[in-house]
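Report on the structure
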Amino acid sequence: MRVFGRSAFFLTCVLYLVSGLIQILPSSRKQFGITSANNRLNAFAEDSTQSKTEKPMMGSWEELHGNYILRPDVEQGPPRALLHFLGGAIVGAVPHVTYRYMLERLVEKGFLVVATPYNLSFDHLGSCDKIIQSFEKIAPSLARQYGAVPVVGVGHSCGALLQLLITSLFPDTPRAGNALISFNNKPVKEAVPFFDEFFAPFFKSVGEKKDGTSQSGVDVIDLSLHLLRTASEGNIPSDQLVTEIKELLTPFPQLLPGDIVIPEELREGIETLVKPSVTALSNAGALPLMNQLVDTLDQIPLLISEVAEGADDFVPPPASVRVAARRSYRARRTLILQYDSDPIDESDEIQAMLQEAESVTRMKRPMIAIDVQRRTLNGNHATPLIAPPVKIANQAEDLLGKDAAKERLLYKEADATVDELVRWLEEGK
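What you are looking at is a predicted structure, and each value in this text was computed from that prediction instead of being measured. (Residues numbered from 1 in each chain as written. Predicted model: local features only at pLDDT ≥ 70, side-chain atom pairs only at ≥ 80, totals over all residues. Heavy atoms only, no water.)

**Here we look at helix H15 (residues 318–328)**
Selection criterion: Three labels apply to residues, based on accessible area from a 1.4 Å probe with only protein chains included: buried if under 20% of the type maximum, exposed if over 50%, partly exposed otherwise in between. Where helices and strands are cited, they refer to DSSP runs of H or I of at least four residues and of E of at least two residues respectively, numbered from the N terminus. Regarding the arc, it is the one traced by the directions from the helix axis to the C-beta atoms. In what follows, residue pairs with any heavy atoms lying within 4.5 Å of each other are defined as contacts.
Within H15, the full set of buried residues consists of Pro318, Val321, Ala324 and Ala325. The buried side chains of H15 occupy one side of the element, clustering within an arc of 120° when seen end-on. Contact partners of the buried residues in H15: helix H7 (158–169) and helix H16 (347–364).

Structure, rendered in C-alpha coordinates:
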(Lines give C-alpha, C1' and ligand atoms only; values in the text may rest on other atoms or scores of the structure.)
Protein backbone atom coordinates (compact mmCIF):
# COMPACT_ATOMS: atom_id res chain seq x y z
CA MET A 1 0.00 0.00 0.00
CA ARG A 2 1.38 3.37 -0.95
CA VAL A 3 1.91 5.81 1.93
CA PHE A 4 1.87 9.55 1.30
CA GLY A 5 3.01 12.64 3.18
CA ARG A 6 2.05 13.91 6.60
CA SER A 7 -1.28 15.35 5.46
CA ALA A 8 -2.40 12.89 2.80
CA PHE A 9 -4.01 10.31 5.05
CA PHE A 10 -5.72 12.96 7.12
CA LEU A 11 -7.05 14.93 4.14
CA THR A 12 -8.43 11.71 2.72
CA CYS A 13 -10.33 11.25 5.99
CA VAL A 14 -11.48 14.86 5.75
CA LEU A 15 -12.80 14.25 2.24
CA TYR A 16 -14.78 11.24 3.42
CA LEU A 17 -16.29 13.12 6.34
CA VAL A 18 -17.10 16.19 4.25
CA SER A 19 -18.87 14.12 1.63
CA GLY A 20 -21.05 12.51 4.27
CA LEU A 21 -21.93 15.78 5.99
CA ILE A 22 -22.89 17.54 2.81
CA GLN A 23 -25.40 15.01 1.56
CA ILE A 24 3.30 35.90 34.35
CA LEU A 25 5.91 36.45 36.57
CA PRO A 26 9.44 37.37 35.17
CA SER A 27 11.12 34.51 37.08
CA SER A 28 8.59 31.98 35.87
CA ARG A 29 8.94 33.27 32.31
CA LYS A 30 12.64 32.49 32.43
CA GLN A 31 12.18 29.09 34.02
CA PHE A 32 9.59 27.86 31.57
CA GLY A 33 10.83 29.50 28.37
CA ILE A 34 8.09 32.15 28.22
CA THR A 35 8.16 34.82 25.54
CA SER A 36 8.13 38.38 26.88
CA ALA A 37 6.33 40.01 23.96
CA ASN A 38 4.46 43.06 25.24
CA ASN A 39 1.47 42.52 23.00
CA ARG A 40 0.64 39.31 24.88
CA LEU A 41 0.65 40.74 28.40
CA ASN A 42 -2.95 41.92 28.30
CA ALA A 43 -4.29 38.56 27.13
CA PHE A 44 -2.11 36.92 29.75
CA ALA A 45 -3.65 39.03 32.53
CA GLU A 46 -7.19 38.47 31.28
CA ASP A 47 -6.80 34.70 31.44
CA SER A 48 -4.95 34.57 34.76
CA THR A 49 -8.15 34.44 36.79
CA GLN A 50 -9.88 31.77 34.74
CA SER A 51 -10.39 28.34 36.27
CA LYS A 52 -10.40 24.93 34.71
CA THR A 53 -13.05 24.38 32.07
CA GLU A 54 -15.96 22.00 32.47
CA LYS A 55 -14.99 19.97 29.41
CA PRO A 56 -15.34 16.26 30.24
CA MET A 57 -11.94 14.64 30.67
CA MET A 58 -10.58 11.13 30.87
CA GLY A 59 -8.41 9.69 33.58
CA SER A 60 -6.29 12.18 35.55
CA TRP A 61 -5.91 14.68 32.72
CA GLU A 62 -6.73 18.34 33.37
CA GLU A 63 -7.69 20.97 30.82
CA LEU A 64 -6.45 24.46 31.65
CA HIS A 65 -6.30 27.50 29.37
CA GLY A 66 -6.26 25.39 26.23
CA ASN A 67 -3.62 22.90 27.43
CA TYR A 68 -3.95 19.32 28.62
CA ILE A 69 -1.89 18.62 31.72
CA LEU A 70 -0.91 15.36 33.36
CA ARG A 71 1.06 15.53 36.59
CA PRO A 72 3.29 12.89 38.19
CA ASP A 73 2.35 11.52 41.60
CA VAL A 74 3.33 13.74 44.50
CA GLU A 75 5.16 10.77 46.04
CA GLN A 76 7.61 10.86 43.12
CA GLY A 77 8.89 14.27 44.21
CA PRO A 78 9.38 17.29 41.91
CA PRO A 79 8.99 16.62 38.16
CA ARG A 80 12.20 15.61 36.44
CA ALA A 81 11.33 17.90 33.53
CA LEU A 82 8.34 19.51 31.86
CA LEU A 83 7.64 17.87 28.51
CA HIS A 84 5.77 20.24 26.19
CA PHE A 85 4.17 17.90 23.66
CA LEU A 86 2.76 18.63 20.19
CA GLY A 87 1.05 15.87 18.21
CA GLY A 88 0.77 15.28 14.48
CA ALA A 89 -1.55 16.70 11.85
CA ILE A 90 -5.26 16.39 12.75
CA VAL A 91 -4.60 14.09 15.74
CA GLY A 92 -2.72 16.94 17.43
CA ALA A 93 -6.09 18.52 18.25
CA VAL A 94 -6.63 15.93 21.01
CA PRO A 95 -3.10 14.79 22.01
CA HIS A 96 -4.22 13.55 25.43
CA VAL A 97 -6.50 11.06 23.61
CA THR A 98 -4.47 10.08 20.55
CA TYR A 99 -1.10 9.86 22.35
CA ARG A 100 -2.52 8.85 25.70
CA TYR A 101 -0.41 5.74 26.29
CA MET A 102 2.94 7.34 25.46
CA LEU A 103 2.29 10.47 27.51
CA GLU A 104 0.89 8.60 30.52
CA ARG A 105 3.91 6.28 30.53
CA LEU A 106 6.22 9.32 30.56
CA VAL A 107 4.32 10.74 33.53
CA GLU A 108 4.76 7.41 35.32
CA LYS A 109 8.51 7.98 34.91
CA GLY A 110 8.26 11.25 36.83
CA PHE A 111 7.83 13.82 34.07
CA LEU A 112 5.23 16.59 33.97
CA VAL A 113 3.42 16.63 30.61
CA VAL A 114 1.77 19.66 29.03
CA ALA A 115 0.17 18.72 25.71
CA THR A 116 -0.99 21.76 23.76
CA PRO A 117 -3.61 21.01 21.10
CA TYR A 118 -3.66 22.88 17.81
CA ASN A 119 -5.75 22.93 14.67
CA LEU A 120 -4.01 21.86 11.48
CA SER A 121 -3.40 24.90 9.29
CA PHE A 122 -1.37 25.84 6.25
CA ASP A 123 0.02 28.69 8.37
CA HIS A 124 2.56 26.94 10.59
CA LEU A 125 3.81 30.24 12.03
CA GLY A 126 0.28 31.12 13.11
CA SER A 127 -0.02 27.68 14.73
CA CYS A 128 3.27 28.19 16.59
CA ASP A 129 2.16 31.58 17.88
CA LYS A 130 -1.14 30.18 19.20
CA ILE A 131 0.65 27.24 20.82
CA ILE A 132 3.07 29.57 22.59
CA GLN A 133 0.24 31.80 23.78
CA SER A 134 -1.59 28.80 25.23
CA PHE A 135 1.54 27.61 27.01
CA GLU A 136 2.23 31.08 28.40
CA LYS A 137 -1.12 31.09 30.16
CA ILE A 138 -0.24 28.16 32.42
CA ALA A 139 3.56 28.43 32.72
CA PRO A 140 3.60 30.92 35.63
CA SER A 141 1.34 28.78 37.82
CA LEU A 142 3.40 25.67 37.03
CA ALA A 143 6.60 27.58 37.80
CA ARG A 144 5.22 28.70 41.16
CA GLN A 145 4.20 25.15 42.00
CA TYR A 146 7.24 23.22 40.77
CA GLY A 147 10.07 25.73 40.62
CA ALA A 148 12.79 25.83 37.97
CA VAL A 149 11.97 22.74 35.93
CA PRO A 150 13.66 22.42 32.51
CA VAL A 151 11.32 22.52 29.52
CA VAL A 152 11.85 19.95 26.77
CA GLY A 153 9.89 20.07 23.53
CA VAL A 154 8.56 16.75 22.22
CA GLY A 155 6.82 16.57 18.86
CA HIS A 156 5.56 13.90 16.49
CA SER A 157 5.33 14.39 12.71
CA CYS A 158 3.87 17.87 12.13
CA GLY A 159 4.38 18.52 15.84
CA ALA A 160 8.11 17.87 15.40
CA LEU A 161 8.18 20.44 12.61
CA LEU A 162 6.39 22.99 14.83
CA GLN A 163 8.88 22.37 17.65
CA LEU A 164 11.71 23.01 15.18
CA LEU A 165 10.09 26.30 14.11
CA ILE A 166 9.47 27.40 17.71
CA THR A 167 13.11 26.79 18.62
CA SER A 168 14.38 28.51 15.46
CA LEU A 169 12.06 31.48 14.97
CA PHE A 170 10.74 32.31 18.46
CA PRO A 171 13.85 33.31 20.44
CA ASP A 172 11.88 34.18 23.58
CA THR A 173 10.73 30.56 23.87
CA PRO A 174 13.91 28.60 24.64
CA ARG A 175 14.02 24.85 25.17
CA ALA A 176 16.47 22.78 27.19
CA GLY A 177 16.15 20.26 24.37
CA ASN A 178 13.85 18.84 21.71
CA ALA A 179 12.83 15.28 20.88
CA LEU A 180 11.68 15.19 17.24
CA ILE A 181 9.78 12.03 16.30
CA SER A 182 9.02 11.10 12.66
CA PHE A 183 10.05 14.53 11.39
CA ASN A 184 9.01 15.50 7.87
CA ASN A 185 9.01 18.77 5.99
CA LYS A 186 7.34 18.15 2.64
CA PRO A 187 5.54 20.78 0.54
CA VAL A 188 1.78 20.39 0.22
CA LYS A 189 1.91 19.05 -3.32
CA GLU A 190 4.24 16.23 -2.25
CA ALA A 191 2.52 15.59 1.05
CA VAL A 192 -0.95 15.47 -0.51
CA PRO A 193 -1.19 13.65 -3.86
CA PHE A 194 -3.63 15.18 -6.35
CA PHE A 195 -3.86 18.37 -4.30
CA ASP A 196 -4.12 20.63 -7.38
CA GLU A 197 -6.12 18.16 -9.45
CA PHE A 198 -8.71 17.15 -6.89
CA PHE A 199 -8.51 18.37 -3.28
CA ALA A 200 -8.16 22.10 -3.99
CA PRO A 201 -11.06 22.25 -6.50
CA PHE A 202 -13.25 20.09 -4.25
CA PHE A 203 -12.63 22.20 -1.15
CA LYS A 204 -13.21 25.40 -3.10
CA SER A 205 -16.56 24.11 -4.32
CA VAL A 206 -17.55 23.17 -0.77
CA GLY A 207 -16.53 26.61 0.49
CA GLU A 208 -18.50 28.52 -2.13
CA LYS A 209 -21.89 30.04 -1.32
CA LYS A 210 -24.79 28.33 -3.08
CA ASP A 211 -26.64 30.26 -5.77
CA GLY A 212 -29.41 32.38 -4.32
CA THR A 213 -28.42 31.65 -0.71
CA SER A 214 -25.87 32.81 1.82
CA GLN A 215 -25.03 29.26 2.83
CA SER A 216 -22.13 27.04 1.81
CA GLY A 217 -21.05 23.48 2.44
CA VAL A 218 -18.88 24.78 5.29
CA ASP A 219 -22.03 26.11 7.00
CA VAL A 220 -23.60 22.64 6.80
CA ILE A 221 -20.48 21.10 8.33
CA ASP A 222 -20.31 23.71 11.11
CA LEU A 223 -23.94 23.15 12.03
CA SER A 224 -23.52 19.36 11.97
CA LEU A 225 -20.51 19.62 14.28
CA HIS A 226 -22.45 21.92 16.60
CA LEU A 227 -25.19 19.31 16.82
CA LEU A 228 -22.63 16.56 17.40
CA ARG A 229 -20.95 18.61 20.11
CA THR A 230 -24.28 19.10 21.88
CA ALA A 231 -24.95 15.36 21.78
CA SER A 232 -21.43 14.55 23.04
CA GLU A 233 -22.11 16.75 26.08
CA GLY A 234 -25.33 14.86 26.80
CA ASN A 235 -27.52 17.91 26.10
CA ILE A 236 -30.73 18.48 24.14
CA PRO A 237 -30.29 20.91 21.20
CA SER A 238 -31.26 24.48 22.04
CA ASP A 239 -34.18 26.19 20.32
CA GLN A 240 -31.73 28.38 18.45
CA LEU A 241 -29.81 25.39 17.12
CA VAL A 242 -33.00 23.64 16.00
CA THR A 243 -34.10 26.84 14.24
CA GLU A 244 -30.73 27.16 12.48
CA ILE A 245 -30.97 23.55 11.29
CA LYS A 246 -34.44 24.23 9.93
CA GLU A 247 -33.33 27.36 8.09
CA LEU A 248 -30.28 25.68 6.61
CA LEU A 249 -31.84 22.41 5.49
CA THR A 250 -35.35 23.52 4.47
CA PRO A 251 -35.60 24.60 0.78
CA PHE A 252 -38.13 27.33 1.61
CA PRO A 253 -37.65 28.24 5.31
CA GLN A 254 -39.80 31.36 4.89
CA LEU A 255 -42.86 29.12 4.44
CA LEU A 256 -42.39 27.61 7.89
CA PRO A 257 -42.87 29.29 11.28
CA GLY A 258 -39.99 31.54 12.38
CA ASP A 259 -38.19 30.36 15.49
CA ILE A 260 -38.80 26.83 16.69
CA VAL A 261 -39.46 26.61 20.41
CA ILE A 262 -39.46 23.28 22.22
CA PRO A 263 -41.98 23.51 25.11
CA GLU A 264 -40.22 23.50 28.47
CA GLU A 265 -42.29 20.54 29.67
CA LEU A 266 -41.29 18.51 26.63
CA ARG A 267 -37.61 19.45 27.02
CA GLU A 268 -37.63 18.47 30.69
CA GLY A 269 -39.37 15.21 29.86
CA ILE A 270 -36.79 14.31 27.23
CA GLU A 271 -33.92 15.23 29.57
CA THR A 272 -35.42 13.06 32.34
CA LEU A 273 -35.84 10.18 29.90
CA VAL A 274 -32.27 10.25 28.57
CA LYS A 275 -30.51 11.17 31.82
CA PRO A 276 -29.80 7.55 32.92
CA SER A 277 -28.26 6.77 29.54
CA VAL A 278 -26.23 10.00 29.57
CA THR A 279 -24.93 9.23 33.05
CA ALA A 280 -24.00 5.66 32.10
CA LEU A 281 -22.20 6.77 28.93
CA SER A 282 -20.40 9.51 30.81
CA ASN A 283 -19.25 7.16 33.58
CA ALA A 284 -18.08 4.66 30.98
CA GLY A 285 -15.98 7.36 29.31
CA ALA A 286 -17.91 7.26 26.03
CA LEU A 287 -19.24 10.83 26.15
CA PRO A 288 -15.89 12.40 27.12
CA LEU A 289 -14.21 10.49 24.29
CA MET A 290 -16.88 11.56 21.80
CA ASN A 291 -16.56 15.17 22.94
CA GLN A 292 -12.81 15.12 22.47
CA LEU A 293 -13.08 13.59 19.01
CA VAL A 294 -15.39 16.41 17.95
CA ASP A 295 -12.38 18.67 18.55
CA THR A 296 -10.63 16.75 15.78
CA LEU A 297 -13.55 17.17 13.37
CA ASP A 298 -13.71 20.90 14.10
CA GLN A 299 -10.61 21.30 11.91
CA ILE A 300 -12.46 20.24 8.76
CA PRO A 301 -14.27 23.53 8.00
CA LEU A 302 -11.12 25.50 8.89
CA LEU A 303 -9.02 23.58 6.36
CA ILE A 304 -11.70 23.85 3.69
CA SER A 305 -11.91 27.61 4.21
CA GLU A 306 -8.14 28.03 3.95
CA VAL A 307 -8.00 26.16 0.64
CA ALA A 308 -11.08 28.00 -0.64
CA GLU A 309 -9.29 31.28 0.11
CA GLY A 310 -6.28 30.24 -1.95
CA ALA A 311 -3.85 28.44 0.38
CA ASP A 312 -1.63 26.17 -1.70
CA ASP A 313 1.44 25.57 0.47
CA PHE A 314 2.60 25.72 4.05
CA VAL A 315 3.87 28.93 5.62
CA PRO A 316 6.82 28.98 5.84
CA PRO A 317 7.50 26.69 2.86
CA PRO A 318 9.95 23.80 3.33
CA ALA A 319 12.90 25.70 1.81
CA SER A 320 12.46 28.53 4.31
CA VAL A 321 12.19 26.03 7.18
CA ARG A 322 15.56 24.58 6.19
CA VAL A 323 17.18 28.02 6.09
CA ALA A 324 15.72 28.99 9.48
CA ALA A 325 16.90 25.77 11.12
CA ARG A 326 20.44 26.07 9.78
CA ARG A 327 20.79 29.67 10.91
CA SER A 328 18.79 29.93 14.11
CA TYR A 329 18.11 26.56 15.80
CA ARG A 330 19.14 27.00 19.43
CA ALA A 331 18.38 23.84 21.45
CA ARG A 332 21.49 22.48 23.19
CA ARG A 333 20.29 18.87 22.95
CA THR A 334 18.16 17.21 20.27
CA LEU A 335 16.98 13.64 19.86
CA ILE A 336 15.83 12.62 16.38
CA LEU A 337 13.66 9.48 16.49
CA GLN A 338 12.63 7.64 13.34
CA TYR A 339 10.98 4.28 12.61
CA ASP A 340 12.35 1.72 10.18
CA SER A 341 9.03 1.34 8.31
CA ASP A 342 8.19 5.02 7.89
CA PRO A 343 8.59 6.01 4.22
CA ILE A 344 7.67 9.68 4.81
CA ASP A 345 10.24 10.26 7.55
CA GLU A 346 12.87 12.90 6.76
CA SER A 347 15.25 12.40 9.66
CA ASP A 348 18.22 12.48 7.27
CA GLU A 349 17.27 16.02 6.30
CA ILE A 350 16.74 17.31 9.82
CA GLN A 351 19.98 15.74 11.05
CA ALA A 352 21.94 17.47 8.28
CA MET A 353 20.22 20.80 9.03
CA LEU A 354 20.98 20.59 12.75
CA GLN A 355 24.59 19.64 12.13
CA GLU A 356 24.94 22.80 10.04
CA ALA A 357 23.22 24.74 12.83
CA GLU A 358 25.76 23.33 15.27
CA SER A 359 28.61 24.62 13.09
CA VAL A 360 27.02 28.08 12.91
CA THR A 361 26.56 28.15 16.69
CA ARG A 362 30.15 27.07 17.36
CA MET A 363 31.45 29.90 15.18
CA LYS A 364 29.41 32.40 17.20
CA ARG A 365 29.89 30.80 20.62
CA PRO A 366 32.81 28.33 20.64
CA MET A 367 32.24 27.32 24.27
CA ILE A 368 28.67 26.11 23.72
CA ALA A 369 28.29 22.35 23.23
CA ILE A 370 25.52 21.12 20.92
CA ASP A 371 24.42 17.49 21.07
CA VAL A 372 22.36 15.92 18.25
CA GLN A 373 21.49 12.23 18.51
CA ARG A 374 19.58 10.09 16.07
CA ARG A 375 17.99 6.73 16.80
CA THR A 376 16.04 4.29 14.62
CA LEU A 377 13.38 2.08 16.22
CA ASN A 378 11.07 -0.63 14.93
CA GLY A 379 7.70 0.75 13.87
CA ASN A 380 5.96 3.06 11.43
CA HIS A 381 4.69 6.63 11.26
CA ALA A 382 1.67 5.85 13.46
CA THR A 383 3.60 3.94 16.16
CA PRO A 384 3.23 6.61 18.89
CA LEU A 385 -0.55 6.51 18.33
CA ILE A 386 -1.02 2.74 18.42
CA ALA A 387 -1.47 1.77 22.06
CA PRO A 388 -4.26 1.26 24.60
CA PRO A 389 -4.63 3.46 27.71
CA VAL A 390 -2.06 2.61 30.38
CA LYS A 391 -4.72 1.18 32.70
CA ILE A 392 -5.83 -1.35 30.09
CA ALA A 393 -2.23 -2.17 29.20
CA ASN A 394 -1.40 -2.83 32.86
CA GLN A 395 -4.43 -5.11 33.24
CA ALA A 396 -3.46 -7.01 30.09
CA GLU A 397 0.12 -7.42 31.35
CA ASP A 398 -1.17 -8.82 34.64
CA LEU A 399 -3.27 -11.38 32.75
CA LEU A 400 -0.99 -12.23 29.83
CA GLY A 401 2.46 -11.15 30.90
CA LYS A 402 4.29 -8.09 29.58
CA ASP A 403 5.67 -9.50 26.35
CA ALA A 404 2.44 -11.21 25.30
CA ALA A 405 0.33 -8.16 26.16
CA LYS A 406 2.56 -5.86 24.11
CA GLU A 407 2.42 -8.19 21.13
CA ARG A 408 -1.36 -8.73 21.23
CA LEU A 409 -2.32 -5.12 21.93
CA LEU A 410 0.28 -3.79 19.47
CA TYR A 411 2.07 -1.37 21.77
CA LYS A 412 5.52 -2.94 21.89
CA GLU A 413 6.96 -0.25 19.61
CA ALA A 414 5.20 2.56 21.49
CA ASP A 415 6.74 1.25 24.71
CA ALA A 416 10.18 1.20 23.09
CA THR A 417 9.62 4.83 22.08
CA VAL A 418 8.97 5.76 25.71
CA ASP A 419 12.09 3.88 26.82
CA GLU A 420 14.25 5.72 24.27
CA LEU A 421 12.83 9.11 25.28
CA VAL A 422 13.46 8.39 28.96
CA ARG A 423 17.02 7.21 28.22
CA TRP A 424 17.77 10.45 26.38
CA LEU A 425 16.11 12.63 29.01
CA GLU A 426 18.03 10.95 31.84
CA GLU A 427 21.26 11.28 29.92
CA GLY A 428 20.79 15.04 29.79
CA LYS A 429 19.96 15.69 33.43
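**Quick word on the packing of aromatic side chains**
Quick note on the threshold: Ring geometry is summarised as follows: Phe, Tyr and Trp rings, the Trp one being its six-membered ring, pair when their centres sit within 6.5 Å, and such pairs are stacked at plane angles under 30 degrees, edge-to-face over 60 and tilted between the two. The rule for a charge over a ring is simple: NZ of Lys or CZ of Arg within 6 Å of the ring centre, and within 35 degrees of the ring normal.
Per the stated rule, a full pass over the model turns up 3 aromatic pairs. Consider the rings of Tyr101 and Tyr411, whose centres lie 5.1 Å apart with planes at 55°: the pair is tilted. Here Tyr411 lies in the loop between helix H18 (402–408) and helix H19 (412–427) and Tyr101 lies in helix H5 (residues 100–108), a separation of 310 residues in the sequence. Judged by its relative accessible area of 2%, Tyr101 falls in the buried class. For Arg175, the ring lying beneath its charged end belongs to Phe135, and the centroid distance is 5.8 Å.

**Looking at the pairing of strand E4 (residues 112–115)**
Rules: Any two strands are treated as partners once DSSP identifies two or more bridges connecting them.
What you see with E4 is no split at all: Leu112 and Val114 on one side and Val113 and Ala115 on the other are buried throughout. When strand E2 (residues 67–70) meets E4, the two strands line up antiparallel, connected through 3 bridges. Bridge assignment links Leu70 to a residue of E4, and that residue is Val113.

**Focus on the sheet that holds strand E8 (residues 371–377)**
The line we're drawing: Note on geometry: axes are C-alpha line fits, over the in-contact stretch for helices, and angles between N-to-C directions span 0 to 180 degrees.
Taken in spatial order, the 8 strands of this open sheet run E1-E2-E4-E3-E5-E6-E7-E8, and their pairing is mixed. Two strands in the sheet have a free side with no partner beyond their single neighbour: strand E1 (62–64) and E8. The mean inter-strand angle of the sheet, taken between neighbouring strand axes irrespective of direction, is 20°. Two strands pair when backbone bridges link them, and strand E6 (residues 177–181) and strand E7 (residues 333–339) are joined in this way by 5 bridges, in the parallel orientation. Counted as the bridge partner of Gly177 is Arg333 from E7. Contacting strand E3 (82–86), strand E5 (151–156), E6, E7 and E8, H19 runs over the sheet at an angle of about 165° to E7.

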